[in-house]
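The chain contents come next:
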Amino acid sequence: MTPARWRSLALGALWVQVAALLGTAAFSLWRSADFSRYFNAAEALIAALVMAWWTTLLGRALNAQPTPGTDGVQRALTLVFPWLTSLRGALWGMTLFGVLGGANPEANPVALTALLTIWGAAIIASNATYGSLARVSTEPLAAAPRRKLMDWLNLAAALSLGMAVLNVVPIPGFSGDPDLSTQLVYGLGGLLDVTATLLALRALQVQPVPGGEQSG
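Residues numbered from 1 in each chain as written. Predicted model: local features only at pLDDT ≥ 70, side-chain atom pairs only at ≥ 80, totals over all residues. Heavy atoms only, no water.

## Considering the packing of aromatic side chains
- Under the counting rule described, the total for this entry stands at 3 aromatic pairs.
- Aromatic pair F27 and Y186: ring centres 6.5 Å apart, planes at 75°, arrangement edge-to-face. With F27 in helix α1 (residues 3–31) and Y186 in helix α6 (residues 180–205), the pair connects residues that are 159 residues apart, well separated along the chain.
- Under the relative-accessibility criterion, F27 is labelled buried at 10%.
- Using a relative accessible area of 26% as the deciding quantity, one classes Y186 as partly exposed.
- Through successive ring pairs, a cluster of aromatic residues spans W54, F81 and Y130.
- Lying over the aromatic face of W6, R202 brings its terminal NZ or CZ to 5.6 Å of the ring centre. (Phe/Tyr/Trp six-rings, centres within 6.5 Å; stacked < 30°, edge-to-face > 60°. Helix = DSSP H or I, 4+ residues; strand = E, 2+ residues; numbered from the N terminus. Buried < 20%, exposed > 50% of the residue type's maximum accessible area, 1.4 Å probe, protein only. Lys NZ or Arg CZ within 6 Å of the ring centre and 35° of its normal.)

Take a look at the structure:
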């Protein structure tokens, strides 16, 4: 396929993911009965906003259109994304402290370790991915920033797949048995995340650069 086709597919998938995150926020408020639903809904809403800005910047970068640091979308992403990372980190930290405090003594420690490790790594990779695009957007054809962004996207896709599995398959003694609707929402959301991330990676790989070079 042509670079333009890959670009269209990537941006289309990312905008669908924005809509899916908004749907996840509504689903969290509708289905959950405890206080955690507000945290989950807030995380999904902020993630949708950040994803929309990120997709806008990526679209410009894929069109080799530089975005100045004073641009409104660039500034909004730079301002809001740390709050999303902080919220995700807080949710991860509360879970960690609960596990260390013996809140789930019957849960498999190996499964809990896998959950906390993949979850924590996914937060770090997501933060690096957004930060890398902020640098690429000012110089969309600069080789080093583009390579770093592609490396983080590659890692983020793998971690997103791991999180999708962990969100769908319950850990006995840690999470209750999810109903089918919950599994479908988070499973399809995770699959969309992986797909959109890989398409964004591919769109960057085939993007024409000065000298006729491509990354893949």
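## Considering unusual backbone geometry
- Positive phi outside glycine occurs at A64, with the angle close to 60°.
- Tracing the chain through its elements places A64 in the loop between α2 (36–62) and α3 (72–100).

## Focus on the nonpolar core
- Core analysis: the largest hydrophobic core is formed by 34 residues, its most contacted members being L14, W54 and L58.
- Those elements giving two or more residues to this core turn out to be α1, α2, α3, α4 (109–136), α5 (143–168) and α6.
- Here the element with the most residues in this core is α2; it accounts for 10 residues.
- Here W54 is in contact with L14, L77, T129, Y130, L133, L149, L153 and A200, once residues within four sequence places are set aside.
- Counting residues in hydrophobic clusters, the runner-up holds 5 residues, among them L91, W119, I123 and M163. (Core = buried A, V, L, I, M, F, W, Y, C linked by side-chain atoms within 4.5 Å. Contact = heavy atoms within 4.5 Å.)

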